[in-house]
Amino acid sequence: MAHHTTPPPRICPACDGFASVAVTLGGRDHRGRLRTITAHCPACQGTVTVRRSPEGARA
């Protein structure tokens, strides 16, 4: 019989642990780098830190 585990609790209900993201604006600057802005979750203000176990990476 398979052992079912419960899913980990959600960190933030709005962003689910992805509190800050980089969004590309399209195009590149004079050095050839992508132009990006940083967007933070409005609920947690980008302060959530997520600790992932090495086991989760193998799944």
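Everything below is about the structure shown above.
Heads up: these notes are all about the structure in this document.

On to the overall build of the protein. On a plain count of helices and strands, the protein comes out with 1 helix and 2 strands. Each helix (α) and strand (β) of the protein, taken in turn from the N terminus, gives the series β-β-α. Scored against the burial criterion, the 59 residues of the protein give a buried share of 12%. Per element, the accessible surface of the protein, about 5,500 Å² overall, is 55% carbon and sulfur.

Time to look at the nonpolar core. Core analysis: the largest hydrophobic core is formed by 5 residues, namely C12, C15, A19, C41 and C44. Apart from the residues lying within four places of it in its own chain, the contact partners of C15 are C41 and C44.

On the surface, F18, V21, V23, L25 and I37 cluster together into a nonpolar patch covering about 440 Å² of accessible area. By the secondary structure assignment, F18 is in the segment before β1 (20–28).

Moving on, we come to the pairing of β1. As defined by bridge partners, β1 adjoins strand β2 (residues 34–40) across 6 bridges and the pair is classed as antiparallel. Bridged to T24 within β2 is T36. Hairpin remark: β1 followed by β2, antiparallel, with 5 residues in the connecting loop; positive phi at G32, about 90 degrees.

Rules of the game
Residues numbered from 1 in each chain as written. Predicted model: local features only at pLDDT ≥ 70, side-chain atom pairs only at ≥ 80, totals over all residues. Heavy atoms only, no water. Helix = DSSP H or I, 4+ residues; strand = E, 2+ residues; numbered from the N terminus. Buried < 20%, exposed > 50% of the residue type's maximum accessible area, 1.4 Å probe, protein only. Areas by Shrake-Rupley, 256 points an atom, 1.4 Å probe, with all protein chains shown as cover. Core = buried A, V, L, I, M, F, W, Y, C linked by side-chain atoms within 4.5 Å. Contact = heavy atoms within 4.5 Å. Patch = residues over 30% accessible without salt bridge, like charges linked within 9 Å, V, L, I, M, F, W, Y side chains within 5 Å. Salt bridge = Lys/Arg side-chain N within 4 Å of Asp/Glu carboxyl O. Pairing = 2+ DSSP bridges.

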